[in-house]
Amino acid sequence: KFVARYIQKRTEVDKYKVKKKVKRILDMRCGNGRHVVFFARQGFDVYGIDISKEAIEVARKWLDREGLKAHLKVGDIEKLPFEDEYFDVIVLLGVLDHISFFKASKAMKEAKRVLAAGGYVYVSLRPTEDSEFGRGEKIGHNTFLLQEGYEKGMVQHYFDLREIKELFCGFKIFDIELWEIKFPQVYTVDKAFLQSSKSAKRYLTPESLDMNLKYSRWYISAEKV
């Protein structure tokens with residue numbers, strides 16, 4: 001969606017309408033390479049960095065299977081091994097909400113450093129409006145250590161608008177959306193975990209169809225000024 005809106009939109013199988021000239025793209029904390037592969041398929045000079053050697057190896061194998069190329073590195077997003085103003089676009093999807101706000105701010109400062117003037121950054125964050133807010137052991141402001149579910153042991157930070165404004169210092173936000181997926185209480189807040197687990201099926205009755213829980217995410221596009 002972000003790419004089609006602001007970078008290039010596919011018009012035919014192998015043709016695009018270019019909206020912004022982009023050469024280098026960085027996926028910060030690229031994981032197994034889903035977004036790296038996506039950008040490589042579209043012909044960008046794409047880079048990915050992740051702290052996990054195992055994830056980088058999976059991404060390399062995925063690229064090899066598809067005959068694609070990308071630059072992959074094992075490293076810390078709080079100290080990027082790239083020169084200043086090297087990239088045209090940076091994406092951080094499902095990344096900054098799994099570390100403390102202090103670390104997220106350091107990562108965004110690094111993103112700003114390696115992003116060219118006028119370059120775009122695309123970020124997804126969990127909001128404080130999410131039904132999972134408050135789950136786990138509180139270890140800081142809007143920050144919890146998850147005690148159960150498929151992300152057990154991970155840090156989960158939830159962002160409010162004040163923190164978003166602080167996080168995007170030095171950027172001009174040009175698109176922000178708050179997406180919500182609602183579901184019944186019978187699933188509990190950790191619906192993603194239940195759906196990916198054995199015997200997760202739940203039979204619903206008319207009485208259990210109140211859509212009173214929600215999974216939410218901010219999607220934010222900004223330009224370096």
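Residues numbered from 1 in each chain as written. Predicted model: local features only at pLDDT ≥ 70, side-chain atom pairs only at ≥ 80, totals over all residues. Heavy atoms only, no water.

1. Structural notes on the sheet that holds strand S4 (residues 45–50)
Spatial strand order, S5-S4-S3-S6-S7-S12-S11: seven strands in an open sheet with mixed pairing. Each edge of the sheet is formed by a strand with only one pairing partner; in this case those strands are strand S5 (71–74) and strand S11 (171–183). Across the sheet, the axes of successive neighbouring strands diverge by a mean angle of 15 degrees, strand direction being ignored. Looking at chain direction, strand S3 (residues 24–28) and S4 are connected through five bridges and run parallel. Within S4, the position partnered with Ile25 by the bridge is Val46. Against the sheet, helix H4 (residues 101–114) makes contact with S3, strand S6 (87–92), strand S7 (115–125), S11 and strand S12 (213–224), and its axis sits at roughly 150 degrees relative to S7, the strand it touches most. (Pairing = 2+ DSSP bridges. Helix = DSSP H or I, 4+ residues; strand = E, 2+ residues; numbered from the N terminus. Axes fitted to C-alpha atoms, helices over the stretch in contact; angles between N-to-C directions. Contact = heavy atoms within 4.5 Å.)

2. Remarks on helix H2 (residues 34–41)
Side chains three or four residues apart in an α-helix point the same way, a direct result of the helix having 3.6 residues per turn. Those residues of H2 lying buried are His35, Val36, Val37, Phe39 and Ala40. Along its buried surface, H2 packs onto helix H1 (2–6), S3, S4, helix H3 (53–66), S5 and S6. Phi turns positive one or two residues past the end of H2, at Gly43, with a value near 90 degrees. (Buried < 20%, exposed > 50% of the residue type's maximum accessible area, 1.4 Å probe, protein only.)

3. So, the pattern of salt bridges
Evaluated as defined, the whole model comprises 16 salt bridges. When the shortest N-O distance is used, the salt bridge between Lys103 and Glu78 registers 3.4 Å. Residue Lys103 is found in helix H4, and its partner Glu78 is found in the loop between S5 and S6; the two are separated by 25 residues along the sequence. Judged by its relative accessible area of 36%, Lys103 is partly exposed. Among the residues examined, Glu78 registers a relative accessible area of 17% and is labelled buried. (Salt bridge = Lys/Arg side-chain N within 4 Å of Asp/Glu carboxyl O.)

4. A look at a nonpolar patch on the surface
Judged by side-chain polarity, Leu161, Ile173 and Ile176 come together as a nonpolar surface patch covering roughly 240 Å² of accessible area. Note that Ile176 resides in strand S11. Judged by relative accessible area, Ile176 falls into the partly exposed class, the value being 37%. (Patch = residues over 30% accessible without salt bridge, like charges linked within 9 Å, V, L, I, M, F, W, Y side chains within 5 Å. Areas by Shrake-Rupley, 256 points an atom, 1.4 Å probe, with all protein chains shown as cover.)

5. Looking at H4
Compared with an ideal rise of 1.5 Å per residue, which puts 14 residues at 20 Å, H4 spans 20 Å between its outermost C-alpha atoms and is within 8% of the ideal. Of the residues making up H4, those classed as buried are Phe101, Ala104, Ser105, Ala107, Met108, Glu110, Ala111 and Val114. For H4, the elements touching its buried residues are S3, S6, S7, strand S10 (155–157), helix H5 (161–167) and S11. (Expected span 1.5 Å × (residues − 1).)

6. A look at the environment of Lys109
Take Lys109: it is sitting in helix H4. Among the residues examined, Lys109 registers a relative accessible area of 63% and is labelled exposed. Remark: the alpha-carbon pair of Lys109 and Phe168, spanning 59 residues in sequence, is separated by 8.9 Å.

7. Concerning the pairing of strand S1 (residues 8–12)
Of the strand pairs in this sheet, S1 and strand S2 (residues 15–18) are connected by four bridges, and their pairing is antiparallel. Residue pairing across strands places Lys9 opposite Lys17, the latter belonging to S2. Connecting S1 to the next strand, S2, in antiparallel fashion are two residues.

Such coordinate-based values are descriptive only and should not be taken to indicate function.
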